[in-house]
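Architecture and fold: a report
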Amino acid sequence: MDAKLYLIVGGTTPRATIDAAVAGGVDLVQLRDKRLDDDAFLARAQELARHLDVPLVLNDRWHLFEESGADGVHVGQDDAPIEQVRRALGPGALLGLSTHDRAEALAARARGADYIGLGPMYPTETKALTYEPRGAALVREAIDATDLPVFPIGGIDAERLPALVEAGARRACVSRAILGADDPQAAAEALRRALTRF
C-alpha cells in the first residue's frame, strides 16, 4: 500500500479522464456508482481492470469481486460487515474501510482492513453526509490511532489539502477535485505536490 492519491470514479467517467489522472499521479482508483445495476457495474469494472495500470477497488459490491478482475473492495461502516467481506475475499485482496473517528480507525486492522478512508474532511457534493466534516482536527485525532494507510476523504482539493498534510496526512482520496477539473492531469499533479510538501 504505497499509494498516495486515490481517485473515486463513476460508471460514466470517461476513460481518457481517468488516464489523465493516472498520468498526473493517481495511483489507486475506486469504482463507485450506486445507480448502476450489477451487470453494468461489472462490465465497467472489467473494462477498467483490463485497462488500468494502477490497482482498482470496487465500492461495496464484493460479490462481484472475483468476476471483475479488480484488486480489492472498499466497504463502509453500514455496508456488509468487513469481517464477512474479508472471509469471502480471502487474504490476498485489498480491503478498505470507511472510518469517521479515532475509535473506528483504531479498530480497523483487527477487523480485517488493509487501509482506511477517514472523513468527511469538508462538505462535499459527491456524497450525502451523515457525519459532520471535521477537517484537520479529525486527521490530528485519528492519524496515530492506526498503522494502516489513512486516506482522508471528503471535499478535498489542492487548496484544502495542505492543512491536512500539516495535521499529519500523507495520502488523500478525491473525486471532484480531479474529475471536475478542466485539466485532470494538472489537477492530479497539484494534489501530489501538496502531499509531498512536508
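What comes next concerns the included structure.

Reading the values: rules and limits
- Residues numbered from 1 in each chain as written.
- Predicted model: local features only at pLDDT ≥ 70, side-chain atom pairs only at ≥ 80, totals over all residues.
- Heavy atoms only, no water.
- Core = buried A, V, L, I, M, F, W, Y, C linked by side-chain atoms within 4.5 Å.
- Buried < 20%, exposed > 50% of the residue type's maximum accessible area, 1.4 Å probe, protein only.
- Helix = DSSP H or I, 4+ residues; strand = E, 2+ residues; numbered from the N terminus.
- Polar contact = N/O pair within 3.5 Å; in protein donor to acceptor, adjacent residues only side chain to side chain.
- Contact = heavy atoms within 4.5 Å.
- Phe/Tyr/Trp six-rings, centres within 6.5 Å; stacked < 30°, edge-to-face > 60°.

1. A closer look at the nonpolar core
Within the largest apolar cluster, 56 residues are counted, with the highest numbers of intra-cluster contacts made by Leu 161, Leu 164 and Ile 178. For this core, the element with the highest residue contribution is helix α9 (residues 184-195), accounting for five residues. By size, the runner-up hydrophobic cluster in this structure holds nine residues, among which are Tyr 6, Val 57, Tyr 115 and Phe 151.

2. Let's talk about the side chain of Asn 59
By secondary structure assignment, the location of Asn 59 is in strand β3 (residues 56-59). A distance of 2.8 Å separates a polar atom in the side chain of Asn 59 from a polar atom in the side chain of Gln 30. A distance of 3.2 Å separates a polar atom in the side chain of Asn 59 from a polar atom in the side chain of Lys 34. Contacts of Asn 59, omitting those with residues within four sequence positions, involve Gln 30, Leu 31, Arg 32, Lys 34, Phe 41 and His 74.

3. Remarks on the packing of aromatic side chains
According to the stated counting rule, one finds three aromatic pairs in the structure shown. Seen in terms of ring centroids, Tyr 6 and Tyr 115 are 5.7 Å apart; in terms of plane orientation they differ by 75 degrees. Their pairing is edge-to-face. Highlighted residues: Tyr 6 in strand β1 (residues 5-9) and Tyr 115 in strand β6 (residues 115-118), separated in sequence by 109 residues. In this pair, the class of Tyr 6 matches that of Tyr 115, namely buried. For the pair Tyr 115 and Phe 151, a centre-to-centre distance of 5.6 Å together with 85 degrees between the ring planes defines the contact as edge-to-face. Of this pair, Tyr 115 sits in strand β6 while Phe 151 sits in strand β7 (residues 150-152), and the two are 36 residues apart along the sequence. A single burial state applies to Tyr 115 and to Phe 151, both of which are buried. The structure contains a cluster of three or more aromatic residues connected by ring pairs, namely Tyr 6, Tyr 115 and Phe 151.

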